[in-house]
Amino acid sequence: MRLLAAVLAVPAALLAWQWLSDTSTERKLAPIVSAIAGREVGVDCQTFWGALIDTRPRHGEVMFDENGIPEPRIFLTHKTCGRLDDFAGKGHHAELDCLATLDWSAQAPLNLGSPCYEKASPTIYALLTLAHEAYHTAGVHNEAFTNCFATQSMGYAASALGAPEEEALFVAAAMNVLLPFQHGSYRIDGCVRDSELDLNPKTPAFPTEVPIAPQNGKGGRRGLAAGA
């Protein structure tokens, strides 16, 4: 009996540790998502065990009701939550160092499949997913528009998680370069300064406002930013 109890205690301890870890990550991310969405939003991190049986090709998700109103919660896959948790609280992220070495005056400073892309893109896409799903909770349905709006709040997400300003600006700039290369409905060419998707057209900064700040649900469905 003692042996059986000891054997059962191991998975129980693992489950408890995983739950505490996920809960801690959710608490870190929820205020950031809420600031971007302009309304109070919760975060659900997929469990390790859930990830083992999840075959859907996604990084995050927001559910909408029959009237097109989004739930005030976002779902993030285990891998996405883990990467964001690893990113949080650090003042330097080595995988992003190469972004500072790129020629940003070039037509395509960051190319798909390049060594820098391979190093930096997992972190870039994790931060994009966080902001992307936040804008869905603000009532944005169109995936391409959501990507554009999210890119404009990625710098804030990175900064709020502890990244220095330079890293935060580079992350958003890199994603803005990558937007035309996204697949299907997520692809967009017109996410540029002074376009109809520029959330702050009266300022010269794009895609990140300086000083860095969340966009508070701009571009979302009216009323949702006030919690309606």
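These notes cover the structure that comes with them. Please read these numbers as outputs of a predicted model, since none were measured by experiment.

Some thoughts on the sheet that holds strand β2 (residues 60-61)
Then, in step 1: The strand order across the open sheet built from three strands is β1-β3-β2, with neighbouring strands paired in mixed fashion. Each of the sheet's edge strands pairs with one partner strand only, and the pair in question is β1 (42-45) and β2.
Then, in step 2: Of the pairings in the sheet, the one linking β2 to strand β3 (residues 73-76) comprises two bridges and is antiparallel in character. Paired with Glu 61 across the strands is Phe 75, a residue of β3.
Then, in step 3: Here helix α4 (residues 115-137) sits on the sheet in contact with β2 and β3, set at roughly 150° to β3.

Observations regarding the pattern of salt bridges
Then, in step 1: Evaluation of the coordinates by the stated rule reveals four salt bridges.
Then, in step 2: Among the ionic pairs, Lys 28 bridges to Asp 85, the shortest N-O distance being 2.7 Å. With Lys 28 in helix α1 (residues 2-37) and Asp 85 in helix α3 (residues 78-87), the pair connects residues that are 57 residues apart, well separated along the chain.
Then, in step 3: For the salt bridge of Asp 44 with Arg 73, the shortest nitrogen-to-oxygen distance reads 2.7 Å. Here Arg 73 lies in strand β3 and Asp 44 lies in strand β1, a separation of 29 residues in the sequence.

Focus: the state of the cysteines
Each disulfide is one covalent bond, formed between the sulfur atoms of two cysteines.
Then, in step 1: Summed over all chains, the structure comprises three disulfides.
Then, in step 2: Here Cys 45 is linked by a disulfide to Cys 81, with a sulfur-sulfur distance of 2.1 Å. Disulfide Cys 45-Cys 81: the torsion about the S-S bond is -85°, which places it as left-handed. A residue pair is termed long-range when its members are at least 10 positions apart, and Cys 45 in strand β1 and Cys 81 in helix α3 qualify at 36 residues. When sorted by exposure, Cys 45 lands in the same class as Cys 81, which is buried.
Then, in step 3: Bridging Cys 98 to Cys 116, the disulfide has an S-S length of 2.1 Å.

Side note on the side chain of Glu 209
Then, in step 1: If you trace the backbone, Glu 209 turns up in the segment after α6 (165-178).
Then, in step 2: Polar contacts involving the side chain of Glu 209 include one to the side chain of Thr 203, which spans 2.8 Å.
Then, in step 3: The contacts of Glu 209, once residues within four sequence positions are left out, are Asn 200, Thr 203 and Gln 215.

Quick look at α6
Then, in step 1: Look at α6: 20 Å from first C-alpha to last across 14 residues, which is about the 20 Å you get at 1.5 Å a residue.
Then, in step 2: Most of α6 is tucked away, with 10 of its 14 residues classed as buried.
Then, in step 3: Looking at α6, one finds that the buried residues are Glu 167, Ala 168, Phe 170, Val 171, Ala 172, Ala 174, Met 175, Asn 176, Val 177 and Leu 178.

Some points on the packing of aromatic side chains
Then, in step 1: By the definition in use, this model includes three aromatic pairs.
Then, in step 2: Aromatic pair Tyr 117 and Tyr 125: ring centres 6.3 Å apart, planes at 75°, arrangement edge-to-face.
Then, in step 3: Ring plane angle 50° and centroid distance 5.8 Å describe the contact between Tyr 135 and Phe 149, whose orientation is recorded as tilted. Of this pair, Tyr 135 sits in helix α4 while Phe 149 sits in helix α5 (residues 143-160), and the two are 14 residues apart along the sequence.
Then, in step 4: Given a relative accessible area of 0%, Tyr 135 falls into the buried group.

Calculation rules
Residues numbered from 1 in each chain as written. Predicted model: local features only at pLDDT ≥ 70, side-chain atom pairs only at ≥ 80, totals over all residues. Heavy atoms only, no water. Pairing = 2+ DSSP bridges. Helix = DSSP H or I, 4+ residues; strand = E, 2+ residues; numbered from the N terminus. Contact = heavy atoms within 4.5 Å. Axes fitted to C-alpha atoms, helices over the stretch in contact; angles between N-to-C directions. Salt bridge = Lys/Arg side-chain N within 4 Å of Asp/Glu carboxyl O. Disulfide = S-S within 2.5 Å. Buried < 20%, exposed > 50% of the residue type's maximum accessible area, 1.4 Å probe, protein only. Polar contact = N/O pair within 3.5 Å; in protein donor to acceptor, adjacent residues only side chain to side chain. Expected span 1.5 Å × (residues − 1). Phe/Tyr/Trp six-rings, centres within 6.5 Å; stacked < 30°, edge-to-face > 60°.

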